[in-house]
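One-letter residues, chain by chain:
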Amino acid sequence: LLACLQDKLAYLVSVVESCWADGRPVLIGTSSVNESESVLQVLQEWCRPSFRELSLRVQLLNAKPENVRLEAQVVAQAGLPAAVTIATNMAGRGTDIILGGNPEGLTRMGLLRLVYRCAAMHVLAL
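So, how was this worked out
Residues numbered from 1 in each chain as written. Predicted model: local features only at pLDDT ≥ 70, side-chain atom pairs only at ≥ 80, totals over all residues. Heavy atoms only, no water. Pairing = 2+ DSSP bridges. Helix = DSSP H or I, 4+ residues; strand = E, 2+ residues; numbered from the N terminus. Axes fitted to C-alpha atoms, helices over the stretch in contact; angles between N-to-C directions. Contact = heavy atoms within 4.5 Å. Buried < 20%, exposed > 50% of the residue type's maximum accessible area, 1.4 Å probe, protein only. Salt bridge = Lys/Arg side-chain N within 4 Å of Asp/Glu carboxyl O.

**Student:** Can you walk me through the sheet that holds strand S3 (residues 84-88) in this structure?
**Tutor:** Each strand in a sheet pairs with its neighbour through backbone hydrogen bonds, running either in the same direction (parallel) or in the opposite one (antiparallel). The strand order S1-S3-S2 describes an open sheet built from 3 strands, whose pairing is parallel. Each of the sheet's edge strands pairs with one partner strand only, and the pair in question is strand S1 (26-30) and strand S2 (59-61). For this sheet the average axis-to-axis angle between neighbouring strands, irrespective of direction, equals 15 degrees. By the bridge criterion, 5 bridges tie S1 to S3 in an arrangement that is parallel. Residue pairing for S3: Leu27 is matched across the bridge by Thr85. Together, S1 and S3 form the strand contacts of helix H1 (residues 5-22), whose direction differs from that of S1 by roughly 155 degrees. Across the sheet, helix H2 (residues 33-46) touches S1, S2 and S3, and the angle it forms with S3 is around 160 degrees.

Here it is in structure tokens:
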């Protein structure tokens, strides 16, 4: 057991960096929204420079009302290689994490991004 919070967070960062380097997905469970946001901040600030870019792509699931629509998709893709997901106890319930990601969900997310980009370009052209 680690004695203080500082040691626990340093250990967490080292485990996440190791998993990223090996291409393994990581799911970090937290007990509150504040805790999940704190863990995200620690990853973004404490990661070595070589992992800092990856830490900016960490997915945060904290059961906030504004994120509910996307949570099932994020959880479904949490099994992708090198994916890092931080989730509170309540976030994404009822959704399976599939190692390697969910192909149907990936296709749906890709199509949505394409539609949004095309719509944004159309609006900007007006």
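**Student:** Please clarify how the pairing of S3 should be interpreted in this entry.
**Tutor:** Residues in a regular strand point their side chains to alternate faces of the sheet. For S3, the buried fraction is high: 5 of the 5 residues fall into the buried class. Going residue by residue along S3, you find Val84, Ile86 and Thr88 tucked away on one face and Thr85 and Ala87 tucked away on the opposite face as well. Pairing of S2 with S3 involves 3 bridges; the strand directions are parallel. When the bridges of S3 are listed, Gln59 appears paired with Thr85.

**Student:** Got a minute to help me understand the pattern of salt bridges in this structure?
**Tutor:** Opposite charge on two side chains permits them to pair, given that their charged atoms come into close proximity. Counted according to the given criterion, the structure contains 1 salt bridge. One salt bridge connects Arg24 with Asp22, and the closest N-O pair in it is separated by 3.3 Å.

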